[in-house]
Amino acid sequence: MIKIEDYPLTRVPQDKRVSFLSVAIVHMGMLTALDQFMLGAVLGHSMTLFDAFSAIFIGSLIFGVVTYGLGLAGMREGISGSLLARWCGFGRLGSVLIGVVVAISLLGWFGIQNAIFAKSLDFALGNKLGFGLAAGLSGTLLTILVAFGFKALRIAARIAVPMFIMLVAYISITALSGHNLQEIIQLAPPGEPLTISAGITIVVGGAIVASLMTPDLTRYSRNGKHVFGVTIFTIIAGEFVVNGLAILIAKTLGTADVVTIMSQAAGGAGLLVVVFSTLRVNDLNLYSSSLGIVNAVEGMTGKRLKYTATTLVIGVLGTTLSVLGILDRFVDFLTVLGVVFPPIIGIMLVDYYLLRTHRKILDESRKAGKLPDQTPTIGWTAIIASIVGGIVGLVTEWGVPTINSLLAASLLYWACKLALGRYQKPVPSQKLT
């Protein structure tokens, strides 16, 4: 059984590696959730069928390449993504900053998922509460449950995945029966139009955090073939099955609102599954975000924040985002994720596979089953290149934003390291503690 929290600062031993299915099922769970269904519904509501599936195909191709590359490195080294970043350009403090960025993104996801929870709750009660009050109540309740480790929440989370999959299957049969593919193809998108380049970026944005977390799972994989299979299975299940069905359902029903889709197609049972699904996802979002902030503060200052207090603060912030209307900025949120994270991953891949800055000490320490004795303190070149790449992705009006940010950061980092000539020289480092 995989436990992400195991071996946080050590390599996963070869005798602790697990089967292909053990890793694949957990990894697929990242993209077979309500947020992927929401993304597909947006694509179906705002794009033609051909354009929507084109965006999924190209976005999945980008996601697949970077996910496989990062996952393969995680399998080879047996370490998590945050640890890998230390010897892939960012250094110890740089990897901490990456953790902060991930934690902030999960905070945003908490706000979005809580907003869906609140809409479902308010709808089920006949719109008597009002969205703001419902969002405040649901966010506060979930924050308290996660902060104090309420075990019933974990039980609810475990049954949410099979319930969600069964619901998607049921809604697909119900909503799509009586409609042929040619009829659906001819339906014009009723929502605000999205270009293919924008669609590609939000597809990548919806999955890119999972890409960065892939080494956390593939460090348990036994070989590269398993990593490749895990990547392909996740793309098929998350992007083409969940997203694809959501596109068809949204076009058929003429709405991108998940609450409307669930209530129209499955009534109260559909709303119940939405509630369970948001519980499952937000339990992980809040837990991981709080843990990331606690670890980041300790890594930068040496001070250890209390987990419970940190969770309560982050929960309040996420709930506030819900009330302020982050759900209405869902596409903008995914766009930002789609240009902020690809530069980080691109730089790690360039450093690990092309520049091979620390491959010698990684190889030597791997033979001993340990981490390198020394680690760079901070990689300014990687951090600056990441920021520049993100800015390029946000401000350029040509091409595909996510590709622009990925290439800009990767090429800038590669060129700077070559120009400085530091990829062959010892990097200032300190003992790993």
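The structure displayed is predicted, hence computed values, not measured ones.

J.: Explanation requested: the confidence of the model for the protein in the structure shown.
T.: Taken as a whole, the protein shows an average pLDDT of 87; of its residues, 93% reach a score of 70 or greater. Contacts of residues 423-429 to residues separated by more than four positions or lying in other chains number 14 contacts, the stretch itself having pLDDT below 50.

J.: How should I be thinking about the packing of helix 4 (residues 81-124) against helix 5 (residues 131-147) in this particular structure?
T.: Two quantities define a packed helix pair, namely the angle between the helix axes and the distance between the axes. Contact geometry of helix 4 with helix 5 gives a least axis separation of 8 Å together with a crossing angle of 120 degrees. Taken together, the axis directions place helix 4 and helix 5 in an arrangement best described as oblique. As for the relative orientation of helix 4 and helix 5, their crossing is right-handed in sense. Contacts between helix 4 and helix 5 involve Phe110, Asn114, Ala115, Phe117, Ala118, Lys119, Leu121 and Asp122 from the first element and Phe131, Ala134, Ala135, Ser138, Gly139, Leu142 and Thr143 from the second. Residue composition of the contact of helix 4 with helix 5, grouped by class: nine nonpolar, four polar and two charged.

J.: Please clarify how a nonpolar patch on the surface should be interpreted in this entry.
T.: On the surface, a nonpolar cluster with roughly 580 Å² of combined accessible area is contributed by Tyr353, Leu354, Leu407, Leu411, Trp414 and Leu418. If you list the elements that add at least two residues to the nonpolar patch, you get helix 12 (330-355) and helix 15 (401-420). The element best represented in the nonpolar patch is helix 15, accounting for four residues. With respect to the element layout, Leu354 can be found in helix 12. Residue Leu354 is classed as exposed on the basis of its relative accessible area, which comes to 57%.

J.: Got a minute to help me understand unusual backbone geometry in this structure?
T.: With the exception of glycine, the majority of residues adopt a negative phi angle, and the majority of peptide bonds are in the trans configuration. Although it is not a glycine, Asn127 sits at a positive phi angle of roughly 60 degrees. For Asn127, the location among the structural elements is in the loop between helix 4 and helix 5.

J.: Would you mind showing me how to read the pattern of salt bridges here?
T.: Two side chains bearing opposite charge may form a pair once their charged atoms approach each other closely. Under the defined criterion, the tally for this structure stands at seven salt bridges. Glu77 serves as the salt-bridge partner of Arg366, at 3.0 Å between the closest nitrogen and oxygen. Placement of Arg366 in helix 13 (residues 359-367) and of Glu77 in helix 3 (residues 49-77) is noted, with a sequence separation of 289 residues between them. A salt bridge links Lys119 to Asp257, with the shortest nitrogen-to-oxygen separation between them at 2.8 Å. Of the two residues, Lys119 sits in helix 4 while Asp257 sits in the loop between helix 9 (224-253) and helix 10 (258-301), which places them 138 residues apart along the sequence. You can call Lys119 partly exposed: its relative accessible area is 28%. Several salt bridges converge on common partners, so that one network encompasses Arg11, Arg76, Glu77, Asp363 and Arg366.

J.: Sorry, what's going on with the packing of helix 4 against helix 12 here?
T.: Packing of helix 4 against helix 12 leaves a shortest axis separation of 11 Å and a crossing angle of 170 degrees. Our classification of the angle between helix 4 and helix 12 gives roughly antiparallel. Judged by the twist between their axes, the crossing of helix 4 over helix 12 is left-handed. A breakdown of the residues in the contact of helix 4 with helix 12 according to their chemical character gives 20 nonpolar, four polar and one charged.

J.: Just to check I follow, could you spell out empty space enclosed by the protein for this structure?
T.: Here the idea is plain: a probe the size of a water molecule rolls over the atoms and shows the empty space left. Applying the stated criterion to the full structure yields one cavity of 30 Å³ or more. Approximately 40 Å³ is the volume attributed to the largest cavity. Around the largest cavity, the lining residues are Thr32, Ala33, Leu34, Ala160, Val161, Phe164, Ser277, Arg280 and Val281. When contributions to the lining of the largest cavity are tallied by element, the ones reaching two or more residues are helix 6 (151-176) and helix 10. Split into classes, the residues belonging to the lining of the largest cavity amount to six nonpolar, two polar and one charged.

Criteria and thresholds
- Residues numbered from 1 in each chain as written.
- Predicted model: local features only at pLDDT ≥ 70, side-chain atom pairs only at ≥ 80, totals over all residues.
- Heavy atoms only, no water.
- pLDDT = per-residue confidence, 0-100.
- Contact = heavy atoms within 4.5 Å.
- Axes fitted to C-alpha atoms, helices over the stretch in contact; angles between N-to-C directions.
- Helix = DSSP H or I, 4+ residues; strand = E, 2+ residues; numbered from the N terminus.
- Parallel < 35°, antiparallel > 145°, perpendicular 65-115°, else oblique.
- Left-handed = near helix turned anticlockwise from the far one by under 90°.
- Nonpolar A, V, L, I, M, F, W, Y, C, P; charged D, E, K, R; others polar.
- Patch = residues over 30% accessible without salt bridge, like charges linked within 9 Å, V, L, I, M, F, W, Y side chains within 5 Å.
- Areas by Shrake-Rupley, 256 points an atom, 1.4 Å probe, with all protein chains shown as cover.
- Salt bridge = Lys/Arg side-chain N within 4 Å of Asp/Glu carboxyl O.
- Buried < 20%, exposed > 50% of the residue type's maximum accessible area, 1.4 Å probe, protein only.
- 1 Å grid on protein atoms, 1.4 Å probe; cavity = no way out; pocket = protein on both sides within 12 Å on 5 of 7 lines; lining within 4 Å.
- Points joined across faces, edges and corners; volume = space filled by probe spheres on them.

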